[in-house]
Amino acid sequence: MLKIAVFPGSFDPFTKGHENVISRALPLFDKILIAIGHNSEKRSFFSLEKRLAMIGKLYQDEPRIEVTFYEGLTVDYCRQVKAQYLLRGLRTAADFEYERAIAQINRKMNPEVETVFILAVPEFTPVNSTIIREILKYGGDASQFLPDKMIIGD
Ligand code: ADP
């Protein structure tokens, strides 16, 4: 059976930290779905279409990575796409506490999905989409925190 992992997130924007998690997780799974959790009532900095396009382009030559989106519960989406693994990244103790609760609740809701954590590398631990959005909002250069091949803008 193919090992399928869903990597859910806002990815607003997708950073070098996310890219690092994907590259280290790729040898563990047959397929990874980078799944943008979409909430039509919440405003994002980059539109859903833009995020799909930016991340999709980044992985256009990697057939084992698919870029998708979903609305609703992540565990329901995992069931829908037959993913047995949920991939998340951990940077700090705060991330751990937050992720621990979600992973334990998700497990209660769907015991067939195992959450797998990848620990951030030290150089990307401070890389966080919220801070990058602030830099971009005020016209700063955030390129060192974004994947080298990712194209921001149109
Ligand atoms: P969410 O809104 O679901 O937290 P994010 O796009 O912020 O979505 O993050 C998606 C996942 O990537 C989360 O598990 C987060 O902890 C992880 N992540 C974010 N930045 C990094 C980083 N620099 N290194 C490793 N993991 C990261």
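Draft legend 1. Quick peek at a nonpolar patch on the surface. Together, L73, I105 and M109 make up a nonpolar patch on the protein surface, roughly 280 Å² of accessible area in all. Counting through the fold element by element, L73 comes out in the loop between β3 (65-70) and α3 (74-81). According to the relative accessible area criterion, L73 is partly exposed, its value standing at 45%.

Draft legend 2. Region of the structure containing the environment of E123. Within the element layout of this structure, E123 appears in the loop between β5 (114-119) and α5 (129-137). Owing to a relative accessible area of 54%, E123 belongs among the exposed residues under this scheme. Each C-alpha atom, one on E123 and one on G17, is 8.8 Å from the other, the two residues being 106 residues apart in sequence.

Draft legend 3. Summary view of the site of the ligand. As a matter of local geometry, the ligand sits amid 16 residues, with S10, F11, G89, F124 and V127 nearest to it. Burial of the ligand by the protein amounts to 87% of the accessible area it has alone, namely 560 Å². Each residue belonging to the shell around the ligand can be placed in one class, and the counts come to seven nonpolar, five polar and four charged.

Draft legend 4. A look at the side chain of R51. Looking at the element boundaries, R51 is found in helix α2 (residues 48-58). Comment: no salt bridge for buried R51; closest opposite-charge side chain is D12, at 4.2 Å. If near-sequence neighbours (up to four positions away) are discounted, R51 is found in contact with S10, F11, D12, I36, S44, F46 and G56.

Draft legend 5. Representation of the environment of L58. Locating L58 in the fold gives a position in helix α2. C-alpha of L58 to C-alpha of I131: the two residues are 73 residues apart in sequence and 21 Å apart in space. Leave out the neighbours within four places in its chain, and L58 touches F14, P147, K149 and M150.

Draft legend 6. The arrangement of the packing of aromatic side chains in detail. This model, assessed by the stated rule, comprises six aromatic pairs. For the ring pair Y70 and Y77, a centre distance of 4.9 Å and an interplane angle of 15° mean the geometry is stacked. Each member of the aromatic cluster is reached from another via a ring pair, and the members are F7, F11, F14 and Y59.

What counts, and where the lines are drawn
Residues numbered from 1 in each chain as written. Predicted model: local features only at pLDDT ≥ 70, side-chain atom pairs only at ≥ 80, totals over all residues. Heavy atoms only, no water. Patch = residues over 30% accessible without salt bridge, like charges linked within 9 Å, V, L, I, M, F, W, Y side chains within 5 Å. Areas by Shrake-Rupley, 256 points an atom, 1.4 Å probe, with all protein chains shown as cover. Salt bridge = Lys/Arg side-chain N within 4 Å of Asp/Glu carboxyl O. Helix = DSSP H or I, 4+ residues; strand = E, 2+ residues; numbered from the N terminus. Buried < 20%, exposed > 50% of the residue type's maximum accessible area, 1.4 Å probe, protein only. Near = heavy atom within 4 Å. Nonpolar A, V, L, I, M, F, W, Y, C, P; charged D, E, K, R; others polar. Lys, Arg positive; Asp, Glu negative; His and termini not counted. Contact = heavy atoms within 4.5 Å. Phe/Tyr/Trp six-rings, centres within 6.5 Å; stacked < 30°, edge-to-face > 60°.

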